[in-house]
Amino acid sequence: MTSKIHTLLLVAGALFAATAHAQVKVDDAWVRATVPQQKATGAFMKLTAAKDTRLVAVATPLTPKAEVHEMAMQDNVMRMRQIPAIELPAGKTVELKPGGFHLMFLDLPAQVKAGDQVPLTLTFEDLSGARQTVEVKAPVRALNAAMPAKDDKGNKDDKGGGHGDHAH
């Protein structure tokens, strides 16, 4: 009996150690569809980390050139640039969205079509430098997909399955 309890405690400890690692929750991931001959697109999602973490890389079989990007005002011009990481403060949701932080896929060999699923491997790094990967399957949404509409009080309208369902 003692050996069974000891084994259960070891298993419970191993599970706790595995879940205590820098966990990141990924919600509402999606990729924007492209038109024929278009060579780039973006991926968007909401990320919430259990402890201070950074998104440091993305990989996808869609293209070998996948980067972490941000769009920001610079000299009164909106500019997009590759960045080394996106900071994810503990317990705070960081949204990757059009016009802000996002993932960029470049040199696309083929059109990305609405309804497809794109596998993504997100790499996160905690403050100690330990890395964790999270696998995500992101649906491809129509080229005109945007963020959820807001009502006159500023509340998001998530009827119909979440953001990206409304054409603007």
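Calculation criteria
- Every residue gets a number counted from 1 within its own chain, in the order that chain's sequence is written.
- Side-chain atom pairs in this predicted model are given and counted only at pLDDT of 80 or more, local residue features only at pLDDT of at least 70, and totals for whole chains, interfaces and linings cover all residues.
- Excluded from the side-chain calculations are hydrogens and water; all other atoms, namely the structure's heavy atoms, are used.
- To qualify as a helix, a DSSP run of H or I must reach at least 4 residues; to qualify as a strand, a run of E must reach at least 2; elements of each kind are numbered from the N terminus.
- Burial classes: relative accessible area under 20% of the type maximum marks a residue as buried, over 50% as exposed, and values in between as partly exposed (1.4 Å probe, protein chains only).
- Any two residues having at least one pair of non-hydrogen atoms within 4.5 Å are treated as being in contact.
- Per-residue and other accessible areas follow the Shrake-Rupley method at a 1.4 Å probe size, with only the shown protein chains counted as cover for residues.
- As a per-residue measure, pLDDT reflects the predictor's confidence and takes values from 0 up to 100.
- When DSSP finds at least two bridges between two strands, those strands are taken to pair.

A. Looking closely at the overall build of the protein chain. Regarding its fold elements, the protein chain presents one helix and 10 strands. Looking at the protein chain as a whole, 37% of its 168 residues are labelled buried. Pairs at least 24 apart in sequence give 62% of the contacts found in the protein chain among residues at least 6 apart. If you sum the accessible surface of the protein chain, you get close to 9800 Å²; carbon and sulfur atoms cover 56% of it.

B. Inspection of unusual backbone geometry at higher detail. Even without being glycine, Asp-28 reaches a positive phi, approximately 55°. With respect to the secondary-structure elements, Asp-28 resides in strand β1 (residues 24-32). Despite not being glycine, Asp-75 has its phi angle at roughly 55°, a positive value. When you line up the elements, Asp-75 lands in the loop between β4 (65-74) and β5 (77-82).

C. Region of interest: the confidence of the model for the protein chain. The predicted model of the protein chain averages 81 in pLDDT, with 73% of residues at 70 or higher. Long-range and interchain partners of residues 5-22, a stretch whose pLDDT sits below 50, account for 10 contacts in this model, where long-range means more than four residues apart.

D. Structural context of the pairing of strand β8 (residues 102-106). Within β8, five of the five residues are buried, leaving the element largely enclosed by the surrounding structure. Burial of the side chains of β8 extends over both faces: His-102, Met-104 and Leu-106 are buried on one face and Leu-103 and Phe-105 on the other. Sheet topology places strand β2 (residues 40-49) next to β8; four bridges connect them, and they run antiparallel. Residue pairing across strands places Gly-42 opposite Met-104, the latter belonging to β8. By the bridge criterion, five bridges tie β4 to β8 in an arrangement that is antiparallel. What sits directly across from Glu-67, in β8, is Met-104.

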